[in-house]
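# Examining the three-dimensional arrangement
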Amino acid sequence: MKVFNYISEAFEELRTNVTWPEWAEVQRLTIIVAVFSVVFALATWGVDELFAKALAGFFNWINA
């Protein structure tokens, strides 16, 4: 019964006391998060490629 009370109180809290953003703001912020996620993923991929080539060059230089 405690779990049921907790869940019902949580839903009541969400319904009455939470201030939800407008739909336009949600869409705008979602686009911003998506763009930054893509930019961060590309930056991470770029650094990974740079280090992979640097390490490959280093080991080729050692073996030469």
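Described below are features of the structure shown in this document. This one's a predicted model, so the numbers in the text were calculated from it and none came from an experiment.

### A few points about the environment of Met1
Here Met1 is to be found in the segment before helix 1 (2–16). Residues Met1 and Ala34 lie 33 residues apart in sequence; the distance between their C-alpha atoms is 41 Å.

### Quick word on the packing of aromatic side chains
Taken as a whole, this structure holds two aromatic pairs when the rule is applied. For the pair Phe58 and Phe59, a centre-to-centre distance of 5.5 Å together with 65 degrees between the ring planes defines the contact as edge-to-face. Taking the relative accessible area as the measure of exposure, Phe58 reaches 39% and is therefore partly exposed. The exposure class of Phe59 is partly exposed, given its relative accessible area of 47%. Seen from their ring centres, Phe58 and Trp61 are 6.1 Å apart, and the 40 degrees between their planes marks the pair as tilted. Taken as a pair, Phe58 and Trp61 lie in helix 2 (residues 23–63) at a separation of three residues, close to a single helical turn. Judged by its relative accessible area of 64%, Trp61 falls in the exposed class. Here the aromatic cluster, defined as three or more aromatic residues joined through ring pairs, consists of Phe58, Phe59 and Trp61.

### Here we look at the pattern of salt bridges
This structure, assessed with the given rule, holds one salt bridge. Note that Glu12 and Arg15 form a salt bridge whose closest N and O atoms lie 3.1 Å from each other. Taken together, the residues span about one helical turn, with Glu12 and Arg15 both in helix 1 at a distance of three residues. Classification of Glu12 as partly exposed rests on a relative accessible area of 36%. Here Arg15 falls in the exposed class, since its relative accessible area comes to 63%.

About the cut-offs
Residues numbered from 1 in each chain as written. Predicted model: local features only at pLDDT ≥ 70, side-chain atom pairs only at ≥ 80, totals over all residues. Heavy atoms only, no water. Helix = DSSP H or I, 4+ residues; strand = E, 2+ residues; numbered from the N terminus. Phe/Tyr/Trp six-rings, centres within 6.5 Å; stacked < 30°, edge-to-face > 60°. Buried < 20%, exposed > 50% of the residue type's maximum accessible area, 1.4 Å probe, protein only. Salt bridge = Lys/Arg side-chain N within 4 Å of Asp/Glu carboxyl O.

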